[in-house]
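An overview of the molecular structure
Spelled out from the first residue to the last, the chains are:
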Amino acid sequence: MSRYLHIWLAQMRYSLAREMQFKGNFILWILVEFLWFALQLAFIGVLYFNVKEIAGWSRWQMVLLISTSHLVQQLFQAFVMINCMNLPELIRTGKLDFFLAQPVSTRFLVSTRAFEPGSIVNCLMALIVSAYAAAKIPIPFSVFNITMYLLLIVLGVLVHCSFMMMLMTLSFWMTRAQGFVNAYYNLFQLARLPREAFKGVAGVIFTWFIPMLLVANVPARTLIDGFGWKETSYLVAITAVMFAASGRFFNFGLRHYTSASS
Amino acid sequence: MTSVIQQQAALYTRIFSLGMQNSLVYRWNFLVRAIAGFVPLLGSVFLWKAVFADADHEAFSGYNYHVMMAYFLSLIVLDALTSPVEDDFAIASDIRDGRISQVLLKPINYFTYRVSLFLSSRLVYAAVVCIPVGAMLIFFRDYFDSIPMARTLPYALLAMIGSAFLQFTITYAVAMLAFWLLEIGSVVFIIFSIEFLAGGHVFPLDVLPAPLYAICRWLPFAYEYYFPVGLFLGRIQGDAIWQGFLVQWAWIAFFYLVGQALWRRGLKRYTSVGN
C-alpha cells in the first residue's frame, strides 16, 4: 500500500513540475473551468428570476447542488479524467507496453499517471461557493454532516472514475474512443440537476444504473437535510460494484491488447 | 477570366470532396457525438418541466414549456448543421506543425480551403446524424405545434447560413492565434463559454432583463444561436428581422477581416523547419 502511495506522490510531483513549465497555460485553464462554473451559476440566476423553487430546491440549495457537482467533477478531473482520456492513445500507439512491463497494477498506473493541479484550484472555488450557499440556505453547522458530505463526494468521484474507465476500456476494441470523452462531458451536465425533476425510465436509469443523479445530489442533500441511511448505503454499494466491475472489465480488455509497431 | 473561375471552382470542389471522404472516416465518432448530445437535452426536458411546474404559464417572458423545448430542439438541429467541430484545433495544428507550408506553395487560398473542408464536414455530419435527429424531431413534434413555420422558416434558414459563416469566421480568427501561442485550447474554451452564455445556447436571450438583452443583441454571439432560432420560433419580428441580418453580416465581415489580418501578420513570423 505504501509503495503505491509512494508511486502516486512521485507521479504527482512529476505532473506538477511539467505543468509549471507552462504557467500561462496553467492559469488560462483554471480560468476556463471557472468560466464554465460561472456560466452554470448564471443560468441558475436567470431561472430563479422567474421561479422560487425547482423540483423542491430553493435558489441557494440549487447553488449548493451545482457547486457540489462541480467539486466532484473537478476532483475527478484533477486525478483521473486526463488519464482515462489518454488510454485510447496509449492503446493505439502501443505505448501501453511500458505500463505492462512495470511491477505494479497496470490499471493503477494507467489511471493515476497524470495529475491536473489546476483543477485543485477550481475545487477550492467550488468549496467556497458551497460554503457560501450553505450559509445562505441556512444550514446549521454540524461536523458530522460536513464529514459525511466530504466522504460522499469521494464516493461520487469514484463513481465517475469507474464509469469512465469502463467506457474508455472499450478502446481496446475500437481505435477511436474520443467520442466517449465528449459523451462524458454531457453526463456531467445531468449530475448537477435535481434528482426529483427526473421522472420515468430516465429517472430510474440515471439514478440506479448509471447513478449520475446520485453523485452530487446525495452529498448536497446530506448537507441540507442531514444524513440519510438509505441513499448513502445505496451509493456505497453501487460505488463498490462499479469499481470492481470496471477493474474486471479493464483486465478483460487488456487480454485483447495486441500492442502496435514494436 | 471564366476559365480561371472554373479552375478555382474545380479546385475547391475537389478539396470539398476530399474533406468529405476524410470526415466519413469518423462517421461512428460523429454518431456517438450526436447521440451523446441528447443526454443534455434529456436534462433540459426534465429541468424545464420542473421549472414550468412552479412558474406561471407565461412566467418566462412569454415562453411556455412547449416553446422552450422547441427552442432547445431547434438549437440541436442548428448545431448539427452549422457548428464547426474541431476546425479550430485542425487549423492550429496545421500552423504549429508547419503543414500550411504545403498550402503556401500552391495557388490555394487557405481561408477558402478551410471553408471547403468546414462545409464538407458539416455535410457528412448532417448526413450521419439526420436519422437520430430526425427521430428526435418526430418524437417531440408536438412542441412545434404553435410555431408559424410557413412564415418563419425561410428567415430562419437564411439566418442559419449566416450563423454557420459567423461561427466559422470566429473559429478561424481564434485559430490564427496559433501563430503566437503554443496551445490554443484554453482560449478556444474561454470564447466557447462566452458564446454559449451570451449567444443563447444556455437559455433564450429574451428571458434576460431588458438592459442585458439589449447588450447581447449588439454582441456577435447572439447571431450564432439565438438569432436563427428566435426567428424560427417567431420571437423576432418586424424591423428587428432585417436589423438582425444586418448586424449578423457586419460581424461576419468583421471576423473575416480580423482573421485575414491575423493570417498576414502571422505569416510574417511563421517558420517551418524540416517540412
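The structure contained in this document is the topic of the report that follows. Since the model is a prediction, treat every value here as computed from it, not as a measurement. (Residues numbered from 1 in each chain as written. Chains lettered and ligands numbered in written order. Predicted model: local features only at pLDDT ≥ 70, side-chain atom pairs only at ≥ 80, totals over all residues. Heavy atoms only, no water.)

1. Overview of the overall build of chain A
Along chain A, the regular secondary structure elements total twelve helices and two strands. Starting at the N terminus and walking to the C terminus, you meet the elements of chain A as α-α-β-β-α-α-α-α-α-α-α-α-α-α. Relative to the 2.2 N^0.38 estimate, which gives 18 Å for 262 residues, the radius of gyration of chain A is 19 Å and therefore close to what a compact globule would have. Overall size of chain A, expressed as C-alpha extent along the three principal axes, is 60 × 45 × 35 Å. (Helix = DSSP H or I, 4+ residues; strand = E, 2+ residues; numbered from the N terminus. Rg over C-alpha atoms; globule rule 2.2 N^0.38 Å.)

2. Some thoughts on helix α12 (residues 229-254) of chain A
Given a rise of 1.5 Å per residue, 26 residues ought to cover 38 Å, and the 37 Å separating the end C-alpha atoms of α12(A) matches this to within 8%. Considered for burial, the residues of α12(A) that qualify are A:Thr232, A:Leu235, A:Ile238, A:Thr239, A:Met242, A:Ser246, A:Gly247, A:Phe250, A:Gly253 and A:Leu254. (Expected span 1.5 Å × (residues − 1). Buried < 20%, exposed > 50% of the residue type's maximum accessible area, 1.4 Å probe, protein only.)

3. What about the packing of aromatic side chains?
In total, this model carries 55 aromatic pairs over all chains according to the counting rule given. Ring centres 5.7 Å apart and planes at 35 degrees place the aromatic pair B:Tyr110 and B:Tyr113 in the tilted group. Taken as a pair, B:Tyr110 and B:Tyr113 lie in helix α7 (residues 110-139) at a separation of three residues, close to a single helical turn. Across the ring face of A:Trp57, the terminal group of A:Arg221 is positioned such that the distance to the ring centre comes to 4.3 Å. If you follow B:Arg122 out to its NZ or CZ, it ends over the ring of B:Tyr125, 4.5 Å from the centre. (Phe/Tyr/Trp six-rings, centres within 6.5 Å; stacked < 30°, edge-to-face > 60°. Lys NZ or Arg CZ within 6 Å of the ring centre and 35° of its normal.)

4. Some words on the pattern of salt bridges
For the structure shown, the criterion picks out nine salt bridges over all chains. Between A:Arg221 and A:Glu196 there is a salt bridge; the shortest N-O distance is 3.8 Å. Taken as a pair, A:Arg221 in helix α11 (residues 217-225) and A:Glu196 in the loop between α8 (178-191) and α9 (200-209) lie far apart in primary sequence, 25 residues in all. The buried category is assigned to A:Arg221, whose relative accessible area is 18%. According to the relative accessible area criterion, A:Glu196 is partly exposed, its value standing at 38%. B:Arg99 serves as the salt-bridge partner of B:Asp97, at 3.7 Å between the closest nitrogen and oxygen. By relative accessible area, which is 36% here, B:Arg99 ends up partly exposed. Here the salt bridges share partners, and the residues they tie into one network are B:Asp94, B:Arg96, B:Asp97, B:Arg99 and B:Arg114. (Salt bridge = Lys/Arg side-chain N within 4 Å of Asp/Glu carboxyl O.)

5. As for the interface of chain B and chain A
A common measure of how large an interface is: the accessible area buried when the components associate. Taken together, the contacts link 35 residues of chain B with 38 residues of chain A. For the pair chain B and chain A, the summed buried surface comes to about 3100 Å²; carbon and sulfur atoms form 78% of the total. For chain B, the biggest contributors to the area lost against chain A are B:Phe46, B:Leu47 and B:Ile190; these three give 18% of the whole. On inspection of chain B and its partner chain A, the count reaches two residue pairs in polar contact (both at pLDDT 80 or more). (Contact = heavy atoms within 4.5 Å. Buried area = accessible area lost by both parts, 1.4 Å probe. Polar contact = N/O pair within 3.5 Å; in protein donor to acceptor, adjacent residues only side chain to side chain.)

6. Quick look at the nonpolar core
Among the nonpolar cores identified, the biggest contains 161 residues, and A:Leu47, A:Leu96, B:Leu41, B:Trp48, B:Phe60 and B:Tyr63 are the most heavily contacted of them. The element best represented in this core is helix α3 (residues 59-93) of chain A, accounting for 14 residues. With residues near it in sequence (within four places) discarded, A:Leu96 still touches A:Leu87, A:Leu90, A:Ile91, A:Val110, A:Phe172, A:Leu254 and A:Tyr257. (Core = buried A, V, L, I, M, F, W, Y, C linked by side-chain atoms within 4.5 Å.)

7. So, the side chain of A:Asn122
Residues and elements named next belong to chain A. Looking at where Asn-122 falls in the secondary structure, it is placed in helix α6 (residues 117-136). Taking relative accessible area as the criterion, Asn-122 reaches 1% and is therefore assigned buried. If we ignore the near neighbours within four places in the chain, the residues touching Asn-122 are Ile-30, Glu-33, Phe-34, His-70 and Gln-74.

8. A word on the layout of surface pockets
If a probe as big as a water molecule is rolled over the atoms, it shows which places are left empty. All names here are of chain A. The volume enclosed by the second largest pocket comes to roughly 660 Å³. Trp-8, Phe-108, Thr-112, Leu-158 and Phe-243 are the residues nearest the centre of the second largest pocket, which is lined by 19 residues in total. Of all the secondary-structure elements, those providing two or more residues to the lining of the second largest pocket are α1 (2-19), α3, α5 (106-112) and α7 (143-169). Among the elements that line the lining of the second largest pocket, the one with the most residues is α7, at five residues. Residues of the lining of the second largest pocket, tallied by class, amount to 14 nonpolar, four polar and one charged. (1 Å grid on protein atoms, 1.4 Å probe; cavity = no way out; pocket = protein on both sides within 12 Å on 5 of 7 lines; lining within 4 Å. Points joined across faces, edges and corners; volume = space filled by probe spheres on them. Nonpolar A, V, L, I, M, F, W, Y, C, P; charged D, E, K, R; others polar.)

9. Looking at the packing of α3(A) against α7(A)
Residue and element names in this part refer to chain A. Closest axis-to-axis distance for the α3/α7 pair is 9 Å, and the angle between their directions is 35 degrees. Note on packing geometry: the crossing formed by α3 with α7 is right-handed. For the pair formed by α3 and α7, the contact residues are Leu-64, Thr-68, Leu-71, Val-72, Leu-75, Phe-76, Val-80, Met-81, Cys-84, Met-85, Leu-87 and Pro-88 on the first element and Tyr-149, Ile-153, Gly-156, Val-157, His-160, Cys-161, Met-164, Met-165, Met-168 and Thr-169 on the second. Each residue belonging to the contact of α3 with α7 can be placed in one class, and the counts come to 18 nonpolar, four polar and no charged. (Axes fitted to C-alpha atoms, helices over the stretch in contact; angles between N-to-C directions. Left-handed = near helix turned anticlockwise from the far one by under 90°.)

10. As for α11(A)
Residues and elements named next belong to chain A. Taken across its nine residues, α11 has eight buried, putting it largely inside the fold. Among all positions of α11, only Asn-217, Val-218, Pro-219, Ala-220, Arg-221, Thr-222, Leu-223 and Ile-224 are buried. Gly-226 sits one or two residues past α11 and shows a positive phi near 95 degrees.

11. So, the packing of helix α8 (residues 149-175) of chain B against helix α12 (residues 239-269) of chain B
When two helices pack together, their arrangement is given by the angle between their axes and by how far apart the axes lie. Residue and element names in this part refer to chain B. Interaxial distance between α8 and α12 falls to 8 Å at its minimum, and their mutual angle equals 25 degrees. Compared by their axis directions, α8 and α12 come out roughly parallel. Where α8 crosses over α12, the handedness of that crossing is left-handed. Its residues assigned to classes, the contact of α8 with α12 shows 18 nonpolar, six polar and no charged. (Parallel < 35°, antiparallel > 145°, perpendicular 65-115°, else oblique.)

12. Some words on the environment of B:Ile241
Residue and element names in this part refer to chain B. Structurally, Ile-241 can be placed in helix α12. When its relative accessible area of 13% is taken as the criterion, Ile-241 is described as buried. Linking Ile-241 and Leu-231, residues ten residues apart in sequence, is a C-alpha distance of 7.6 Å. Filtering out sequence-adjacent residues up to four positions away, Ile-241 remains in contact with Tyr-155, Phe-227, Leu-231 and Ile-236.

13. Considering the environment of B:Leu257
All names here are of chain B. As for its placement among the helices and strands, Leu-257 is situated in helix α12. Judged by its relative accessible area of 54%, Leu-257 falls in the exposed class. When the C-alpha positions of Leu-257 and Thr-169 are compared, they lie 9.0 Å apart, and in sequence the two are 88 residues distant.

Geometry only, nothing functional implied.
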